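# Commentary on secondary and tertiary structure
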Amino acid sequence: MSESIEDRLKKLIVETLALEDVKPEEIETEAPLFGEGLGLDSIDALELALALHEAFGVKTAPDDERNREIFYSVKSLADFIRESQGSKTEP
Amino acid sequence: MAGESAVRRGRAPRLALRLLASFSILSYPLLVYFGLRRYGLRPLALLLLLAFLPNLLLRRSATRGSGLALLAWLPLLSALLLLGSAYFRSLGWMLALPSMTNLLLLSAFGLTLWRGPPMIERFARLQDPDLDGPRQRWCLRWTQIWCGFFFLNGLMAALFALFSPLFWWTLHTSVLGYAGMGALLAAEWWMRKHRFPPEGRARARAFLDGRRGEISMNPLGLLRAHAPDSPVAFGAGGEKSASDLREDAARIAQALPEASEGSHVLLVLKEDRYAMAAALLGVWQRGHAVALPPNTRREAILRVRERPEVVAVVHDTGAGLPLRIEELLASPPARQAKPASFSFDAETPLATLFTSASTGASQAQGKNARQLLGEARLLAEHFGIGPGARIVATVSPLHIYGLLFGVLLPLCCGGAFLRETPLHAEAISQRLVAHRGEVLVTVPVHLRALEQLDAKSLPPSLRRVFSSAGPLSDEVATRFIEAQQVDITELLGSTETGGIAYRSRRSGERWQPLPGISVQSDPEGHLLVHSPFLASAGPFRSADLAEMYEDGSFTHLGRSDGIVKIAGRRVSLAEMEEWLRRHPGVDDAALLALPTDRERGHLLLAAISPATAPVAELKEYLLERFDASCLPKRLLALESLPREANGKLPRQALLRVFDLQEDGEPLLCELRWGERMRTPEGYRLRLQVPRHYIGFEGHFPGYPLLPAATQLEAIVFPATERIWGSRARAEALRAMQQLKFSGRILPGDALELRLAPAAQQVHFEIRKGDALCSSGILVFDAPLDHG
């Protein structure tokens, strides 16, 4: 019953940002989250960053340019999480 | 500024204390000389200690002067010396006080030489905030002279105390030392009279009083506290000096059309704060005012651009319009070597800001030089931000808060700002560390991110944090202040009034009016603002509701109009409703704003008719005009809205549409967790379901109970994950067995969650008192260790 990171992310996005009229499965994995697409904005990005930290224990980069790449889509976020978790040693 | 209100409350007794205090300090040597013969050493020490009591009592309020904080230790030091003298029966301790006083003064003045600005410059700026280079050097020299004097005076006092009869010590410390100080003061005063002409003082005072009239100043006078090579901007794009800024402003000025009566240049500059500063100065130098859009959405920009007074647009967007900022800054330097210097007075219009208004139309707010620059200066002075200050802002300079604090304040006080606008917590702290940031200008949502993601990583250089544009929760404020050891100064203001009041989060709830501003409340509880920075003479009746206290401070009780703040932006409900109704697929629209406990502020829900309205398309349509953060989180299409016969739509009816009830409490997004206990079986966790919890929303119309899925997602899994880590989270679940949801969980319930692990299973129970609400067995993929 283990879900993919992508599916967890979609749920997290809908819950964190209280997107009442969007269902997790409607979010396209590779579609841009900000600007067009879901139309999220910078404040949403901040709230999402907090939720990601809580759920996956990952932190965003000290460079907003890189953060923009990370937060581009569900896929880029999932890649980033896998990368950060891979580099950590699980207890 | 708790001290200030204390002064106001008890003026007369405090004055008496102050006189006594001054008397005991000035006459100390004589008291020692004559008292010693009469009373002997020990009784005299104790008597003097008594005479110094007023000083000890006054200690707190004496610290208010900038740079002289060290002197606040003087009373304590005197008390220690006197106690020492009595205890060791030693005259030396008693005689050491004048030397120590000089040493303290030397340290106070010397520290300002090292840290800047020099002490005398701080005094001089109280008279005239406009200090140019030569006068700054003069102040530096005099601070050094004073340091020399304190050193010599202290040394002499020490030598007399150690090696000569008491008479000579007394003569030196009671007469000669003060005579020397008087002579030096007279010399400084005489020279200052010539260096600081009275018109400069009058001008400064007029600015502070907000008096109209004879205030003439050069637009580039903004940069007068900077030396030509002082930095004005730093960051990813490289450091820029004051002279770079003058040159770039001249480049921009020469590319602009000629000014006419009331002409404006629209600025749409989102990326680089330095470009924004250069554009502001360039536009003003050319004789125009700037127009700033309410947000950077296409439709919003177009609406401002279409106004007849807007003659040009300077922008950094991808649009193919003329006057792209990169091209202007890369153009050859302006022909005149020095930019034309001409004066404009306090009433010259400098900017028009567009904001959302409760009527639905966007509202233009004009600002003149007195309002923009006078306020920026006053803020810099009041908060002690001076030359060399390094300011990092996380807010856009297109809004009044970001414009004043992020751009104009540093330009007015000789400081420098970060060029880019960092967004994420790590990016903000990285910039603060890399650029030794001293002042952070931000909003609550960034403080929450910093507090949660990046505790303890802000540099020690950070000495002031400003937060505005929305309520900052106590929880975030307390944790942030504790972790970073820096206070948060919250500001209350509006586009119409500029800054109104501030409060320090360390010292409590009440707002203190900013200097020059006074507030009252009218019979309906509205805040009436008297401010020199208002457009008209009378008080401004703000939509803020307030409760006043006798000392002029107040508590803020919210707003009374249809404007809500979402993520720090003002959103007019009427404007958004009107915009929705204009869509061809929409007949009627109504918005509901719910206060939440999140930093975002309010949450918007929209009801529209008819039921066939194109909900998905409407989101795109709203984005043409509104920021994404302000969009309704829910668009509910109904056959018709529950309007009354007169067309009114009561809030209660609208709440019913969304299955909500209101009790005045904010909508809460988090459960309140209480204590966690270990038991032989496993764990017990207490929790409270807020009465207005978001999990109740909309699942069972008119009947708020916590759905089974929410119980698992919001209560059980967060707890198992917190205890056993990633092996016990929802995603690691293999199966659920024997699930029972037998009792209802209602708003306000106090619950207990019991967890009993066994190998890879957890048995859970949610109880309300003795009643079992739900229970079941969770089977995870891997065995759990016992936490």
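Note that this is a predicted model, so its numbers are computed, not measured.

### With respect to the overall build of chain B
Within chain B, the secondary structure is distributed over 24 helices and 31 strands. Expressed as a percentage of the 787 residues in chain B, the buried residues total 52%. Counted over contacts in chain B with a minimum sequence separation of 6, partners at least 24 positions apart contribute 66%. With the model as given, the accessible surface of chain B reaches about 34800 Å², and the carbon-plus-sulfur share is 57%.

### Regarding the packing of aromatic side chains
All names here are of chain B. Per the counting criterion, the structure on display carries 16 aromatic pairs over all chains. Ring centres 5.7 Å apart and planes at 85 degrees place the aromatic pair W146 and F149 in the edge-to-face group. Residue W146 and its partner F149 are located together in helix α9 (residues 133–163), separated by three residues, close to a single helical turn. For W146, a relative accessible area of 5% puts it in the buried group. Classification of F149 by relative accessible area gives buried; the value is 15%. With centroids separated by 5.0 Å and ring planes inclined at 75 degrees, the aromatic side chains of F383 and F466 adopt a geometry described as edge-to-face. Placement of the pair is F383 in the loop between α16 (369–382) and β10 (390–393) and F466 in strand β13 (residues 464–467), with a sequence separation of 83 residues. Accessibility assignment for this pair places F383 and F466 in one class, buried. Stacked on the ring of Y549, the Lys or Arg R510 has its end atom at 3.5 Å from the ring centre.

### Examining the nonpolar core
Residue and element names in this part refer to chain B. Formed by 127 residues in total, the largest nonpolar core has its most connected members in L267, W284 and V314. Per-element accounting of this core gives the leading share, 11 residues, to helix α17 (residues 400–413). Apart from the residues within four sequence positions on either side, L267 is in contact with M276, A279, L280, V283, V290, A291, L292, P293, V314 and L398. Core analysis: the second largest hydrophobic core is formed by 29 residues, V689, Y693, A719 and I745 among them.

### Some points on the sheet that holds strand β24 (residues 602–609) of chain B
Whether parallel or antiparallel, the strands of a sheet pair through hydrogen bonds between backbone atoms. Residue and element names in this part refer to chain B. Spatial ordering of the open sheet is given by β23-β24-β25, a layout of three strands whose pairing is mixed. Each of the sheet's edge strands pairs with one partner strand only, and the pair in question is β23 (588–595) and β25 (634–637). The sheet shows a mean angle of 20 degrees between the axes of neighbouring strands, taken without regard to direction. Here helix α21 (residues 573–582) sits on the sheet and contacts β23 and β24; the angle it forms with β23, its principal contact strand, is near 150 degrees.

### Some points on the pattern of salt bridges
All names here are of chain B. In total, this model carries 26 salt bridges over all chains according to the counting rule given. Notably, a salt bridge pairs R324 with E326, separated by 2.7 Å at the nearest N-O pair. The exposure class assigned to R324 is partly exposed, which follows from its relative accessible area of 22%. A relative accessible area of 42% places E326 in the partly exposed class. As a salt-bridge pair, R463 and E438 come within 3.4 Å of each other at their nearest N and O atoms. Residue R463 is found in the loop between α19 (444–453) and β13, and its partner E438 is found in the loop between α18 (425–434) and β12 (439–442); the two are separated by 25 residues along the sequence.

### Focus on the packing of helix α12 (residues 242–255) of chain B against helix α13 (residues 273–286) of chain B
Helix packing for two helices is described by the angle between their axes and how far apart those axes are. Residues and elements named next belong to chain B. Taken N-terminus to C-terminus, the directions of α12 and α13 make an angle of 60 degrees; their axes are 7 Å apart at the nearest point. Here α12 lies oblique to α13, going by the angle between them. Remark: the crossing between α12 and α13 carries right-handed chirality. The residues of α13 that touch α12, namely those facing D244, L245, D248, A249, A250, I252 and A253, are Y274, A277, A278, A279, L281, G282, Q285 and R286. Among the residues making up the contact of α12 with α13, the classes are represented as 10 nonpolar, two polar and three charged.

### As for the side chain of T497 of chain B
Residues and elements named next belong to chain B. Mapped onto the secondary structure, T497 falls in the loop between β14 (488–494) and β15 (498–504). Its relative accessible area of 0% is what places T497 among the buried residues. In terms of polar contacts, T497 uses its side chain to reach the side chain of S494, at 2.8 Å. Other than its neighbours up to four places away in sequence, T497 contacts K367, E375, V529, S531, F533, L534 and F540.

Conventions and cut-offs
Residues numbered from 1 in each chain as written. Chains lettered and ligands numbered in written order. Predicted model: local features only at pLDDT ≥ 70, side-chain atom pairs only at ≥ 80, totals over all residues. Heavy atoms only, no water. Helix = DSSP H or I, 4+ residues; strand = E, 2+ residues; numbered from the N terminus. Buried < 20%, exposed > 50% of the residue type's maximum accessible area, 1.4 Å probe, protein only. Contact = heavy atoms within 4.5 Å. Areas by Shrake-Rupley, 256 points an atom, 1.4 Å probe, with all protein chains shown as cover. Phe/Tyr/Trp six-rings, centres within 6.5 Å; stacked < 30°, edge-to-face > 60°. Lys NZ or Arg CZ within 6 Å of the ring centre and 35° of its normal. Core = buried A, V, L, I, M, F, W, Y, C linked by side-chain atoms within 4.5 Å. Pairing = 2+ DSSP bridges. Axes fitted to C-alpha atoms, helices over the stretch in contact; angles between N-to-C directions. Salt bridge = Lys/Arg side-chain N within 4 Å of Asp/Glu carboxyl O. Parallel < 35°, antiparallel > 145°, perpendicular 65-115°, else oblique. Left-handed = near helix turned anticlockwise from the far one by under 90°. Nonpolar A, V, L, I, M, F, W, Y, C, P; charged D, E, K, R; others polar. Polar contact = N/O pair within 3.5 Å; in protein donor to acceptor, adjacent residues only side chain to side chain.

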